[in-house]
Amino acid sequence: MEGFMSVIVGIFFAVAIYLMLSQYIIRILLGVAILGNAVNLLLFVAGRVTREVPPIIGKGADALPASAANPLPQALILTAIVISFSFFAFLLVLAYRAYQTLKTDDTHQMRLAEPEDAAEPPLGY
Amino acid sequence: MAASDAPYIFLTLIAPFLAAAIAPLLTRALGHWAALPLALVPAGIFAFFCRALADVQGGQAITGGYLWVPSFNVSYSWLIDGLSLTFVLLISGIGALILLYAGGYLKGHAQQGRFFSFILMFMGSMLGVVVSDSFLMLFIYWELTSITSFLLIGFDHSREASRRAAIQALVVTGGGGLALLAGLILVWNMTGVSTISLLIEYAQAVKASPYFFAALLLILGGAFTKSAQFPFHFWLPNAMEAPTPVSAYLHSATMVKAGVFLLMRLQPVFGDTAAWETILPVFGGATLLAGTVIGLRQTDLKLMLAYTTIASLGLLVMLTGFGTPHALESAVLYLIAHALFKGALFMVAGAIDHEAGTRDITRLGGLWRAMPLTFAAAMLAALSMGGLPPFLGFLAKEEVYEALAGSNPRAIAFTLFAIIGNGLMFALAFAVALKPFIGTERDLPGGHHGAAAGAETGAPPSALPGISPSRGEIGKRHTPHIHEAPALMLIGPLVLALAGLAAGIFSDAFHATFSAPMASAIAHEQRSISISAIPHLSLPFLLSLATVALGVIVYLLLDRAREAAAAALESIGWGPDQGFDQAMRGLVRGSYIITRRIQTGRLETYVMVTFIVIAAALLVPMTTFGEWPAAPLWPVDAGFHELMVFAIAVIGLFAVVFAADRLTAIVSLGIQGFAVAVIFMLYGAPDLAFTQFMVETLSVVILALVMTRLDLQPSDHRHGFERLKDAAIALACGAGFAALLMRAVQVPFNNTLTDFFNQWSKVVAHGTNVVNVIIVDFRGTDTLGEIAVVTITGLAILALIRIRVSGDVKPADNDPERSA
């Protein structure tokens, strides 16, 4: 099962990276959103998958049954989902503001920090 | 000194740094009189270490220290023998005089407190260099002297010449320091010892090692740059941009001798080998000749002294490596004599500059009437520098010739070098000490009182007197009243010059107290010195007479000699000083070109390079180490509903890629997100599923809100080759991650952490939902961090939405000239 899911995870990564290689901010954003899912799934599968038994300790028991899912990757992913969402939201607003100011979402035309005709640095002391 | 003195020794070693911390405050309160209490610090150190003189008489050493980094066997330890002690006394004794001198020289200067602070920091660093036993401590103090020297040379940082000189000194001596570090680490690896006192015991092992020559070259790289040996001599004359007290202290009496000190210190380890006895005399001799010849052409008093300093350092290096009897003894005598007379002469040059307003020897004359005491100090120092009896310089020169003279070609050649070098230095000594004082009185710009030494310009002859308002007193600048330097500025040169005389007269006591213990420490065996000031007919005396004769002739023909030297040097043209500028410009241009090439300013390029590297990092090691996973099997146990969910996820993904309008893209993004949530649900992670549902819903809503406000097309703009190239990179990365994951799940699972949480969630943390317990209890701090990240992001989003920038955004302007 994990082997098959690994291929699915690979497809998630490939699609996310293909989108991020674009020169347009909007596609990069879509790629970032998918990349978050790809990484979460990677963590999930790496912790091995089991079917349908959540890691919740039943009444009367003191520990989980052996058939229960691995709780550790779930805890990690829970954190990761929230972080990647806030990251995505920040990027989205950043892109929105950049578009408002620069009237474009083409990264080739966003040359404010690295202008194409940057002067040579001064050679004195 | 007993072992119980260790805390006091430590205190004296950090005292200058403590004094440096309070110097600015003290100067604010007391003005230039702060020099007096501050000079008590080096004076106290001087007195403290005078007590140790008796303990090192027979070549013994005082050692001690504290463990610093025990795990690396690094200690803060000192080795105080005759060599260290002489240096310590020179540094602290001259340091006290320099502080007084600086009090008068920079009187009224706005940054006088800072200057005192820098000088004291340097003093502490230099003391550290000479007492260090541990390699690492030696290196740290060594680099600290370079840094404090940088601060002092660039003291007048509003002038470009100062900044250039400061950077040049730092690059040359700091770079040399790195070579020294490499050399010391190499020696550390060769022998396994990291202190100098132990290393001397391992001298045979060092000499037998195949890395001997490499270690020697690296250490010489450090010593030669610090002691301004040819071809690294060029930074020292430029360092004369510093205020004169700095030139007198760092760039003649102490810091530039650190290189010579290191060579003397390591003489028992590296000495007595062919490499040592070839490299040192050859480079020292070349430096001696180059220094005196270039010095001849100068007209600025300080530059003349600077070049003779280079020459003297060359002579010292030559003697340290010469390897004959008397060679080390002569180096010791010359080193002490030089520190005394050169320090005095620099202070005299500063006093002339301070009172007369220029240091140009062609414009100075007849000052003896106005400045009799300065003249006396200058003459006493010059007589010692010229090597005339009964001064210490005479003893040194006699010993030098005793060491060099011989009948083999090597001895004859180096004796000739020494005669020429000493003869020219004789001429330069009297040019500096005599010319400004005798002859007719000239029309001079006059002193700069109050405004203090703002302009260390090297007094170009073309500068019109009194043209700068900071110099001279406007209104009466044509009839300046030149008078004696203030008392603070007279103490230093007089004391040093008289010390040179006293050492020459009472030579027996001087040898017993200072020079013999120092020579014994260098040679690592008992040495005695017997030379006295009474001239006696011998070969060295005859050579001395030849030297003096040459010196007198050159002095009388000084103007002609200057022209000849200038013509000779101009015919050479290029020198390492210009080479430094070319190298620095090349460095800036080269890094500019490389930066432009690597940082194209296109985000696409950066992202592409990043992912190519990631793909390579995933795929290459798996191939190299044969760690490719076995091919995955078709999941026969997977239910139809599971396969369908995976299929929906994949369809959603490709729909995003091929979406032609924004609504399709957003909806497709939602599809793959919800499919992931269902996958979490199917495989026992309900918490994740709920969170994912919520987050995906929010993402789609926000994305829709933003996208509908923008007139953007999310469709693929790429064509043909670009698409193929990006697809290839993406596929390589995807395959890499898939293979990594496959390989990871094919090795046995390590249950340790999972079992820990399973076992203790209920028992210790009293929670049944293990995932929740991990998040809020076991890893509570992580969750706090996560909440902080979300909060900060929220604030940033708020700021981005609320802040409106008015006006046009201009391109970044990195040119300080234009933006100023």
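From a predicted model like this one, the values you see are computed outputs, not experimental measurements.

## Here's the deal with the pairing of strand β1 (residues 62–69) of chain B
Thought 1: Sheet topology places β1 of chain B next to strand β2 (residues 74–80) of chain B; seven bridges connect them, and they run antiparallel. Opposite T63 of chain B, over in β2 of chain B, you have L79 of chain B as the bridge partner.

## Points about the interface of chain A and chain B
Thought 1: Contacts between chain A and chain B engage 87 residues on the former and 96 residues on the latter.
Thought 2: Only α1 (2–20), α2 (25–46) and α3 (71–102) of chain A provide two or more residues apiece to the side of chain A that touches chain B.
Thought 3: Split into classes, the residues belonging to the side of chain A that touches chain B amount to 60 nonpolar, 15 polar and 12 charged.

## Some words on unusual backbone geometry
For residues besides glycine, phi is generally negative; the peptide bonds are generally trans as well.
Thought 1: A cis amide bond links F230 of chain B to the next residue, P231 of chain B, at an omega of 5°.
Thought 2: Here P389 of chain B and P390 of chain B are connected by a cis peptide whose omega angle stands at 0°.
Thought 3: Relative to the helices and strands, P390 of chain B resides in the loop between α17 (372–386) and α18 (392–404).
Thought 4: Of note in the backbone geometry, R48 of chain A takes a positive phi value of approximately 70° without being a glycine.
Thought 5: As for its placement among the helices and strands, R48 of chain A is situated in the loop between α2 and α3.
Thought 6: Judged by local crowding, R48 of chain A falls into the partly exposed class, with 17 C-beta atoms found within 10 Å.

## Considering helix α25 (residues 603–624) of chain B
Thought 1: When the terminal C-alpha atoms of α25 of chain B are compared, their 31 Å separation across 22 residues agrees well with the 32 Å that a helix rising 1.5 Å per residue should span.
Thought 2: Its buried side turned inward, α25 of chain B meets α1 of chain A together with α29 (720–746) of chain B.
Thought 3: Looking one or two residues past α25 of chain B, G626 of chain B carries a phi angle of roughly 60°, positive in sign.

## Things to note about the packing of helix α19 (residues 409–433) of chain B against helix α22 (residues 539–556) of chain B
Residues and elements named next belong to chain B.
Thought 1: Running from N to C, α19 and α22 cross one another at 45°; their axes reach a closest spacing of 7 Å. Between α19 and α22, the angle falls in the class oblique. The two elements α19 and α22 meet at a crossing, and its hand is right-handed. Contact residues: T415, I419, N422, G423, L424, F426, A427, F430 and A431 in α19; L543, A546, T547, V548, L550, G551, V554 and Y555 in α22.
Thought 2: Split by residue class, the contact of α19 with α22 holds 12 nonpolar, five polar and no charged.

## Brief notes about the nonpolar core
Thought 1: Judged by nonpolar contacts, the single largest core of 207 residues is most densely connected at I119, L345, V348, A381 and V432 of chain B.
Thought 2: With 21 residues, helix α16 (residues 327–356) of chain B is the largest single contributor of residues to this core.
Thought 3: Not counting the four nearest positions on each side in its chain, I119 of chain B is found in contact with I98, L99, A102 and Y249 of chain B.
Thought 4: Formed by 85 residues, the second largest nonpolar core is a distinct cluster that contains Y96 of chain A together with V657, A659 and M742 of chain B.

## Some words on the confidence of the model for chain B
Thought 1: When pLDDT is averaged along chain B, the result is 87, and 92% of the positions lie at 70 or above.
Thought 2: Contacts for the low-pLDDT stretch residues 449–479 of chain B, under 50 throughout, to residues beyond four places or in other chains number 52 contacts.

## Section: helix α24 (residues 576–598) of chain B
Thought 1: Counted at 1.5 Å a residue, the expected span for α24 of chain B with its 23 residues is 33 Å, and the 32 Å between its end C-alpha atoms agrees.
Thought 2: Within α24 of chain B, only zero of the 23 residues are buried, which leaves the element largely exposed.

## A look at the environment of M742 of chain B
Thought 1: Within the element layout of this structure, M742 of chain B appears in helix α29.
Thought 2: For M742 of chain B, a count of 23 C-beta atoms within 10 Å corresponds to the buried category.
Thought 3: Measuring from C-alpha to C-alpha, the distance between M742 of chain B and P629 of chain B comes to 6.0 Å, with 113 residues separating the pair along the chain.
Thought 4: Residues within four places of M742 of chain B in sequence aside, it is in contact with G3 and S6 of chain A together with P629 and P632 of chain B.

## Observations concerning the domain arrangement of chain B
Thought 1: Here chain B is described as being made up of domain 1 (1–270), domain 2 (645–716) and domain 3 (753–806).
Thought 2: Using C-alpha coordinates to define each centre, domain 1 of chain B is positioned 67 Å away from domain 2 of chain B.

## Focus: the packing of helix α5 (residues 135–153) of chain B against helix α6 (residues 160–191) of chain B
Residue and element names in this part refer to chain B.
Thought 1: Relative orientation of the contacting elements α5 and α6 amounts to 175°, with a least axis distance of 8 Å. Classified by the angle their axes make, α5 and α6 are roughly antiparallel. Every residue of α6 that contacts α5 at F135, F139, W142, E143, S146, S149, F150 and I153 is listed here: S162, A165, A166, A169, L170, T173, G174, G177, L180, L181, L184 and W188.

## A short note on the confidence of the model for chain A
Where the model shows low pLDDT, its predicted coordinates should not be examined in detail.
Thought 1: Taken as a whole, chain A shows an average pLDDT of 88; of its residues, 100% reach a score of 70 or greater.
Thought 2: The weakest mean pLDDT in chain A belongs to α3 of chain A at 90; the strongest belongs to α1 of chain A at 93.

What counts and what doesn't
- Residues numbered from 1 in each chain as written.
- Chains lettered and ligands numbered in written order.
- Predicted model: local features only at pLDDT ≥ 70, side-chain atom pairs only at ≥ 80, totals over all residues.
- Pairing = 2+ DSSP bridges.
- Helix = DSSP H or I, 4+ residues; strand = E, 2+ residues; numbered from the N terminus.
- Contact = placed C-beta atoms within 7 Å.
- Nonpolar A, V, L, I, M, F, W, Y, C, P; charged D, E, K, R; others polar.
- Buried ≥ 20, exposed ≤ 12 C-beta atoms within 10 Å, placed from the backbone.
- Expected span 1.5 Å × (residues − 1).
- Axes fitted to C-alpha atoms, helices over the stretch in contact; angles between N-to-C directions.
- Parallel < 35°, antiparallel > 145°, perpendicular 65-115°, else oblique.
- Left-handed = near helix turned anticlockwise from the far one by under 90°.
- Core = buried A, V, L, I, M, F, W, Y, C linked by C-beta atoms within 7 Å.
- pLDDT = per-residue confidence, 0-100.
- Domains from an automatic or database assignment.

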